[in-house]
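The lines below spell out each chain.
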Amino acid sequence: METDLALSEQLPPLTVHEATVEADRCLYCYDAPCTHACPTHIDIPKFIKKIATRNLRGSAQTIYAANLLGATCARVCPVQELCEGACVLGSEHKPIAIGRLQRYAMDSAKASGVTPRARGVAAGIARKIAVVGAGPAGLSCAGELALRGHDVTVFEKRELPGGLSTYGIIALREPVDVAIDEARMIEGLGVKIRTGVEFGRDVTLERARGEFDTIVLSVGLGATPALGIEGEEAIVDGLAYIEMSKTDAASLRVGRNVVVIGAGNTAIDCATIAKRLRADRVTMVYRRTVSEMTCYEHEYLFALSEGIEFRFLAQPVGVVMKDGEVAGLECLRVELGKPDATGRPAPVVVAESEFVIEADQIVKAVGQVKPNQEKTGLAAAMGLKTEKGYIAVSADFETSVAGVYAIGDCVRARGAASTVMAVQDGKVAARAIEAKLSAVAAEVK
Amino acid sequence: MADLKIDFAGIKSPNPFWLASAPPANSGAQIHRAFEAGWGGAVWKTIGAPVLNVSNRYGAWRQGRRMMAINNVELISDRPIEVNLREIAEVKRAWPDRAVIVSAMVESKPEAWHEIVRRIEDTGADGIELNYGCPHGMSERGMGSAVGQVPEYCEQITRWVMETAKIPVIVKLTPNITNIVMPARAAVAAKANALSLINTLNSIVGVDLETLELTPNIGGKGGHGGYAGQAVKPIALNMLAALGTDEVVSHAGLPISGMGGISTWEDAAQFLLLGASSLQVCTAVMHYGYRIIEDLCDGLSNWMDEKGFASVADVVGRSLHRVSEFKNFDLSFRAVARIDEAKCIQCNLCYVACNDTAHQCIDLIAANGSVVQPYAYDVRANGKEDAIETRPQPKVREEDCVGCRLCYNVCPVEECIEMVELPSGRETVTWQELTEKRTKVTEDWDAMKEYRERVGIHIH
Ligand SMILES: Cc1cc2nc3c(=O)[nH]c(=O)nc-3n(C[C@H](O)[C@H](O)[C@H](O)COP(=O)(O)OP(=O)(O)OC[C@H]3O[C@@H](n4cnc5c(N)ncnc54)[C@H](O)[C@@H]3O)c2cc1C
Ligand SMILES: Cc1cc2nc3c(=O)[nH]c(=O)nc-3n(C[C@H](O)[C@H](O)[C@H](O)COP(=O)(O)O)c2cc1C
Ligand code: SF4
Ligand code: SF4
Ligand code: SF4
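Computed from a predicted model, the values in this text were never measured in an experiment. Sequence order as written defines residue numbering, which begins from 1 separately in each chain. Going through the entries in the order they are written, you letter the chains from A and number the ligands from 1. Under the rules for a predicted model, residues below a pLDDT of 70 receive no local features and side-chain atom pairs below 80 are neither given nor counted, while totals for whole chains, interfaces and linings still include all residues.

### Details of the nonpolar core
Residues and elements named next belong to chain A. Applied cut-off: A set of buried Ala, Val, Leu, Ile, Met, Phe, Trp, Tyr and Cys residues, joined to one another through C-beta atoms within 7 Å, is what we call a nonpolar core. Whether a residue is buried, exposed or partly exposed is read from the other C-beta atoms within 10 Å of its own C-beta, which are placed from the backbone; 20 or more gives buried, 12 or fewer gives exposed, and intermediate counts give partly exposed. What counts as a helix is a DSSP run of H or I of at least four residues, what counts as a strand is a run of E of at least two, and both are numbered from the N terminus. By definition, residue pairs are in contact when their C-beta atoms, positioned from the backbone, come within 7 Å.
Ranked by internal contacts, the top residues of the largest apolar core, which has 151 residues, are Val216, Leu217 and Val260. Sorting elements by how many residues they give to this core places helix H16 (residues 419-444) first, with nine residues. If we ignore the near neighbours within four places in the chain, the residues touching Val216 are Ile129, Ala130, Val131, Val132, Gly138, Cys141, Tyr405, Ile407 and Ala429.

What follows is the structure in structure tokens.
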């Protein structure tokens, strides 16, 4: 897969020298706060110490013990908010570059063929488990179950495994190869990954219920929702825009004057791509202000450094066309009102304040459709209860239907959706599934 | 401005810092540059018997990438002796105010020593240092530490030298010996003018885990070399203090040139305080070059001004009277560790050290004041806010702290843990006094228990 050089991985790998010097700087804290802050609770001082002592195999195994997708996480985690944000050296010095050291350990694991160790089989009985969706949540869960001796099949409707790691996270952070290699590594643990198979259609629910002891849904979220504005057909879907940049950048049409609607992580990513692929001007349009943006602060600063412009307090209302081509985005001015349900000041549209932002390409990146909004989705077909639009689950990630679990973005009713959270869900759910299956096995005996 | 001049057994120099006899003092051109940089003197790289050197002769022990010590299998000077002698004369002529001392080592025969002394004196050098220390190569040929380790040889050779020497003679001791006092006493008996210590320590720095060869590898072989630099400083200080507190040696009043790990003015001041009256440096110069002399002098001088010491002689030996033995320590002296929470970064290194290997008296205190266990968070908790906000604060239970000082030593933050002296409420008593006045207590566990209960000593 050819990626445009302008989109190649932003941070170079650490050299042996850089990694050793950085690893030596780590204090080897006890009950370290970085480990607490990592959603998968990787024993960070332990894996860093092993880099310092050149025990790279042990370092990789330390990461695998807590997180099977360490290679992806090392690249995509918002470390400023997680491990590195909690590093004790952060307040007065520079925090340890935990993400980059993790990548160093995982790169070396890949180079030397180190794969995760078996987790020990509690029940000793191999069960058949179906995992739906080969994104980070599904791969993590499938890998954890396979390491415990179970017979796991992952169904993935797309052509390639990896979920948003493959199709959604821009190549600046994670090239496609990394996500694919990681999926191959999981396959190497005995997991069967069947791509191009849509669960619920190509494999019917009845068939699946008969064939598998447990079903795990890790289906992520849906497409970009409709804005419901005039001329929307002419607006490019941000997720498709990013996907194209990863799988076929050469065919991606990028305007000269691009407007991106939205201010979350995806919107920043779309704007970044447009800028990197040589748009003259990229403007992000958001109906609130900088302090209400849902992207992380470091992402906002990154966007500024890329030369991306921001247009706050503007509510898109329609696309302006000229000779069949996009010519601009018509907006209404917005004022901030009283706090709404989310606690943020509600945007109040000012009547008759129309203005046009010129553009020859408009991209929308305003989130993804939730499970309860998909009428034909699995949640509805399987009769699963939802919570705030997401699939409702117990602390063990079991849905309202016994034997059916759900993990990852599709259950993320609370907190920020991220890859590493999906990985942790997969791990915790695998443990719960294992515990439940072995309890059942014990009863049968 | 403090006066840094010294007069060491009649050898004068504008400051107490001399290049030790080693690679930094290998040639006239080098020493010329060192003097330009400000060094007070130089002990010429040992001259004497003919030798050949090998490649990969320096090994190192490092902390991370930082070199903490050098290990070497270098021999004495491999330059022709005539060249060395000619350059010594040139340097001395060009730098009359600096101390030029020549280190020597020849076969253990009186004629050989008589001749080398004569030839050195002909150069106009200010003094001679007898190298009884080289622990490798030369010792295999009956020289260096083969002499330094046997007090009788030390005394014999020193006598041969003293028979002819007209300029001051310094005997340089090897630390590769059980009791450093013995060869020092031998030098005193032979009427040497001064002592210097320490030469390098026997050492092997490591094994290459790829090839299983020693590091450094010299054509498939390796062996013990001499160890020097920062890592040996505590050993050198102890040996220096041992001489300063030995009755025979201290009575004789020989000045001592101290070395072994000096790399900063603070090290230097400590050597002076424990009795050295000139200072030699090798490894730190090999690491950073001659330029370090600037801060050695500047720092020492500023410190002396602050402390009100007018001259180096005022500093020499000032702390020697504090060197004592365990039996004289006050068993009622009490210090406890106290953590400055404003400085603490909550790395928990003190906690784990105290909990696993000291006295289990540091607690982790949650925001609500309760004692919590480590790793107490839920698997679903994450993020920097949660990690930082719920992070407990280590706190010392002072009533249980025995004041061992381990936490103080492991804490990575400057001035974060303080050892606070507290009244113990017990009368001063030493082990010596106990042995004399309550012998039973020192011999019998039941009597010890009874004694502890009576005076209120709790063991955790
Ligand atoms: C543009 C973008 C950028 C992001 N950047 C970051 C980042 O930098 N860092 C970070 O931590 N997080 C980032 N995220 C979030 C992160 O990608 C997600 O939280 C994570 O991928 C969720 O994993 P998942 O396995 O739950 O879902 P997904 O990754 O969405 O995977 C779900 C998979 O299920 C498949 N599937 C769905 N339905 C079916 C079915 N019926 N049958 C078979 N297969 C099915 C899908 O095709 C997909 O492959 C980003 C998200 C987006 C959209
Ligand atoms: C590479 C090297 C070579 C040395 N060669 C000699 C020598 O020829 N004669 C000598 O008396 N001491 C020699 N020494 C010992 C030093 O003079 C000095 O005693 C020792 O290094 C301790 O000081 P330092 O810690 O400042 O290095 C040598 C030391 C090193 C590191
Ligand atoms: S908090 Fe920082 S210094 Fe401490 S273990 Fe983690 S990375 Fe290392
Ligand atoms: S001084 Fe020793 S006993 Fe006291 S808290 Fe520190 S480690 Fe524990
Ligand atoms: S070692 Fe020092 S900085 Fe670390 S927790 Fe203890 S007192 Fe705080």
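### Overview of the site of ligand 2
Rules: We call a residue near a molecule or strand if the C-beta atom, set from the backbone, is within 6 Å of it.
Lining the immediate surroundings of ligand 2 are 30 residues, of which Ala20, Asn72, Ala228, Cys282 and Thr283 of chain B lie closest. When residues of the shell around ligand 2 are traced back to their parent elements, those giving at least two are strand E4 (41-48), strand E6 (66-72), strand E14 (225-228) and helix H10 (283-288) of chain B.

### Brief notes about the sheet that holds strand E8 (residues 309-311) of chain A
Residues and elements named next belong to chain A. Defined as follows: A pair of strands counts as paired when DSSP detects no fewer than two bridges linking them. As a rule, the C-alpha atoms of each element are fitted with a line to give its axis, helices using only the stretch in contact, and angles between N-to-C directions run from 0 to 180 degrees.
Taking strand neighbours across the sheet as the criterion, the five strands line up as E5-E13-E6-E7-E8 in an open arrangement whose pairing is parallel. With one partner strand each, in any of the chains shown, strand E5 (236-237) and E8 form the two edges of the open sheet. Here helix H13 (residues 265-276) sits on the sheet in contact with strand E6 (257-261), strand E7 (281-285) and strand E13 (361-364), set at roughly 170° to E7.

### Thoughts on the domain arrangement of chain A
Residue and element names in this part refer to chain A. What counts is decided by this rule: A domain assignment, automatic or from a database, supplies the domain bounds used here. Any residue that is not Ala, Val, Leu, Ile, Met, Phe, Trp, Tyr, Cys, Pro, Asp, Glu, Lys or Arg is counted as polar, Gly included; the first ten are nonpolar and the last four charged.
Along its sequence, chain A is carved into domain 1 (5-112), domain 2 (128-222 + 369-444) and domain 3 (232-364). A separation of 34 Å is found between the C-alpha centroids of domain 1 and domain 3. Every contact between the two is made by five residues of domain 1 and, on the other side, seven residues of domain 3. Here the residues of the side of domain 1 that touches domain 3 are counted per class, giving three nonpolar, one polar and one charged.

### Thoughts on helix H1 (residues 28-37) of chain B
Owing to its 3.6 residues per turn, the α-helix brings residues three or four apart onto one side. Residue and element names in this part refer to chain B. Cut-off, in case you're wondering: The reported arc concerns the directions from the helix axis to the C-beta atoms and nothing else.
Regarding H1, the residues found buried are Ile31, Ala34 and Phe35. Relative to the axis of H1, the buried residues are bounded by an arc of 100° and lie together on one face. Facing away from the buried surface of H1 by more than 90 degrees, the exposed residues are Ala29 and Glu36. Looking at the buried positions of H1, the neighbouring elements they touch are strand E3 (17-19), E4 and helix H2 (81-94).

### A word on the site of ligand 5
In the vicinity of ligand 5 there are 13 residues, among which Cys344, Cys347, Leu349, Cys350 and Cys411 of chain B approach most closely. Its residues assigned to classes, the shell around ligand 5 comprises 11 nonpolar, two polar and no charged.

### Here we look at the interface of chain B and chain A
Chain B puts 21 residues into the contact, and the matching count from chain A is 19 residues. Those elements that place two or more of their residues in the side of chain B that touches chain A are helix H13 (349-357) and helix H14 (384-389) of chain B. Across the side of chain B that touches chain A, the residue classes break down as 13 nonpolar, five polar and three charged.

### Structural notes on the sheet that holds strand E16 (residues 276-281) of chain B
Residues and elements named next belong to chain B. Pairing is parallel in the closed barrel, where eight strands are placed in the order E3-E4-E7-E8-E9-E10-E15-E16. On average, each strand axis in the sheet is tilted by 30° relative to the strand beside it, whichever way the strands run. Two elements, E4 and strand E7 (residues 99-105), share six bridges in a ladder whose sense is parallel. Bridging from a neighbouring strand, Ala42 pairs with Val100 of E7.

### Considerations on the pairing of strand E4 (residues 214-217) of chain A
All names here are of chain A. Side-chain alternation along E4 places Thr214 and Val216 on one buried face and Ile215 and Leu217 on a second face that is also buried. Inspection of the sheet shows strand E1 (residues 128-132) paired to E4 by four bridges, in the parallel sense. Looking across to E4, one finds that Ala130 is bridged to Ile215. The pairing of E4 with strand E16 (residues 404-406) spans three bridges and is parallel. Following the sheet pairing, Ile215 is matched in E16 by Val404.

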